[in-house]
Amino acid sequence: MNRIAIFGGTFNPIHNGHLHIAQQFQKQLRAQRVLFIPTFVPPHKRAPDLAPAEDRLEMCRLACEGTLFEVSDLEIRRGGPSYTAETLLALKREYPDADVIYSLATICAAPRSTDGLKKLRVYAEKLARHGAKVILQNIDYLPVSSTMVREAVRQGRTIDALVPAKVARYIRENGLYH
């Protein structure tokens, strides 16, 4: 069966930490494909400095160029808030031979800080009680976040170590996050 790993997020902007996590989970899951799916509108958080969806999609495409990763515009084409259940159903229609329906999906998570694994374990146990399959991976933490990238841009600092070079150039050329 074709195993597809799905990495959804706001990607505002995509950064090296996202790519690092995707690489580690691709190895762990032995996935043939990793699909990055940027949200149109994040359903569970306010995002006052959200770049336009088309820009976030293009930055994902640039970051994934020359890698084994792919980018889907599924949630952006659908518009509105992006809910995982809807996305998984749509992916099942788009990739009928893939293991993506939520009854077969596995939720993968990695800590976003050096002390985040304990909190993730508690949440994973809660999800498991509701029937979810969860894989927690204690991936070496890269101290980078989209917030850090946006703040660095606003302050006129370099973001070259935080995002792929093509993404940094796109942000500069399009005046994002100023």
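Please refer to the structure placed before this passage.
Draft legend 1. Region of interest: the sheet that holds strand β1 (residues 4-9). Across the sheet, three strands lie side by side as β1-β2-β3; this open sheet has parallel pairing. Strands at the two margins of the open sheet, each flanked by one partner only, are β1 and β3 (69-71). Neighbour-to-neighbour, the strand axes of the sheet open up by a mean angle of 25 degrees, direction not taken into account. Note that strand β2 (residues 33-38) and β3 share three bridges and pair parallel. The residue bridging L35 from the neighbouring strand is E70, located in β3. Strands in contact with helix α2 (residues 53-64) are β2 and β3; relative to β3, the strand with the most contacts, it is inclined by about 160 degrees.

Draft legend 2. View of the packing of aromatic side chains. As enumerated under the stated definition, the model contains four aromatic pairs in all. Through pairs of rings, three or more aromatic residues link up here, namely F7, F11, F36 and F69.

Draft legend 3. Spotlight on helix α7 (residues 165-174). Within α7, burial applies to V167, A168, Y170 and I171. Burial along α7 is one-sided: seen end-on, the buried residues are contained in an arc of 160 degrees. Opposite the buried face of α7, at more than 90 degrees from it, the exposed residues are A165, R172 and E173. Tucked into the core, α7 has its buried residues touching α2 and α6 (146-154).

Rules behind the numbers
- Residues numbered from 1 in each chain as written.
- Predicted model: local features only at pLDDT ≥ 70, side-chain atom pairs only at ≥ 80, totals over all residues.
- Heavy atoms only, no water.
- Pairing = 2+ DSSP bridges.
- Helix = DSSP H or I, 4+ residues; strand = E, 2+ residues; numbered from the N terminus.
- Axes fitted to C-alpha atoms, helices over the stretch in contact; angles between N-to-C directions.
- Contact = heavy atoms within 4.5 Å.
- Phe/Tyr/Trp six-rings, centres within 6.5 Å; stacked < 30°, edge-to-face > 60°.
- Buried < 20%, exposed > 50% of the residue type's maximum accessible area, 1.4 Å probe, protein only.
- Arc of directions from axis to C-beta.

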